[in-house]
Amino acid sequence: MRKVLLATALLAVSTLALAGCSTAATTGGTTAKSDSKPVYVFLPKSLNNPYWVDARKGMEDQAKKLGVTAKFLGPDTDDAAAQVAIFDSILATKPAGIAISPNDPASVIDDIAKARAAGIPVIAWDGPVPNSQVMGYIGTDNVAAGEQAGEALAKSINKKGKVAVVIGSLSAVNLNQRLTGVKKALAKYPDIKLVATEVSGESIATAQSASETILQANPDLAGMVGIGGSDLPGIAGALKSGNKCGTVKAVGFDVVPQGIDGMKGKCVDALISQKPFGMTAQALQILADFHGKTSKLKDNFTVDTGVVTVTPDTLDEFLKTAH
């Protein structure tokens, strides 16, 4: 199966390269030719998470404003090896800049070094790549965001009771940072006890199954928090199937369709928005500035794009604009 995924990823990138066109930047409904404009490549963890839809839209919007070509290339699901295969392939095309959101930071360190040696600017976007040659990081301060999620959960359960965590991956730096922040926030409240932590593999179905297991083992559970983008939809599904919406409070990341539906269905109490649209638009501007040698950012820069806590009372107003 892994060989099939790698072959599929390589074929997809090769096809795009041969076509000489962007999957994202268009003008007047006509695809922009990559050989006439600088080409920038964004490498997300996957394409199946709704979070990446808004991220891609932000890239597309900024690409049109800048008059450049931008490509959004990732594996269908979170797969570090498939992501590396795509990274390998795009290096040969010598893009004007690369933004990487790594599944496994260690797996992309060599390709980042190769890109930098070839004079290609590389930034970490959405998720950091420690101990690498990335020029800097733009995205969420994930520890602070985790604290905000933990505070939202504590507030929703009146600062007491048993809580549980569902996390997409234990190898992703950004998710572990969020978990650290959640634990830091909850530690302020002596009457809150963290009783379970389950891994979902960034699968909504697995997140729901894990949540159902937690609920069965803890019938007096007060609340749950989802760390990855697929986790809260799974939690909400478990609460709905168990008829526990509103009884067990739920908090998680990203204002995606499943989270919005869960909130409107009274199964979700707070959503932590990472502003994916604006984050990616700003990341493309940073790459363009590096390529044009006009950037004022220093090596190892950090740009925190911030988060917003969305509740049922603020949801409608939040959805009126792109974030």
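Keep in mind the model is a prediction, meaning the values are calculated, not measured.

Peer 1: Please give an account of the environment of Lys159 that cites residues and values.
Peer 2: Structurally, the position occupied by Lys159 is in the loop between helix H5 (142-156) and strand S8 (161-167). Here the alpha-carbon distance between Lys159 and Ile192, two residues 33 residues apart in the chain, equals 6.4 Å. Those residues within four positions of Lys159 in sequence are excluded, and the remaining contacts are Ala154, Tyr189, Asp191 and Ile192.

Peer 1: Pulling in residues and values, what's your account of empty space enclosed by the protein?
Peer 2: Using the criterion set out here, one finds two cavities of 30 Å³ or more in the structure. Within this model, the largest cavity holds a volume of roughly 130 Å³. Broken down by secondary-structure element, the contributors of at least two residues to the lining of the largest cavity are helix H2 (51-66) and helix H6 (173-186). Among the elements that take part in the lining of the largest cavity, H6 stands out by supplying three residues, more than any other. Tallied by class, the residues present in the lining of the largest cavity amount to three nonpolar, six polar and six charged.

Peer 1: Quick rundown of unusual backbone geometry? Include the residues and the values.
Peer 2: Trans is the common state for peptide bonds, and a negative phi is the common state for residues other than glycine. Look at Asn158: it is not a glycine, yet its phi comes out positive at around 60 degrees. Within the secondary structure, Asn158 sits in the loop between H5 and S8. By relative accessible area, Asn158 is classed as exposed at 62%. Here the phi dihedral of Asp254 falls at roughly 80 degrees; this positive angle occurs in a residue that is not glycine. In this fold, Asp254 is placed in the loop between strand S11 (249-253) and helix H9 (257-264).

Peer 1: With reference to specific residues and values, describe the pairing of strand S9 (residues 192-199).
Peer 2: Bridging between S8 and S9 involves seven bridges; their strand directions are parallel. Bridge pairing in S9 links Ile167 to Val199.

Criteria and thresholds
Residues numbered from 1 in each chain as written. Predicted model: local features only at pLDDT ≥ 70, side-chain atom pairs only at ≥ 80, totals over all residues. Heavy atoms only, no water. Helix = DSSP H or I, 4+ residues; strand = E, 2+ residues; numbered from the N terminus. Contact = heavy atoms within 4.5 Å. 1 Å grid on protein atoms, 1.4 Å probe; cavity = no way out; pocket = protein on both sides within 12 Å on 5 of 7 lines; lining within 4 Å. Points joined across faces, edges and corners; volume = space filled by probe spheres on them. Nonpolar A, V, L, I, M, F, W, Y, C, P; charged D, E, K, R; others polar. Buried < 20%, exposed > 50% of the residue type's maximum accessible area, 1.4 Å probe, protein only. Pairing = 2+ DSSP bridges.

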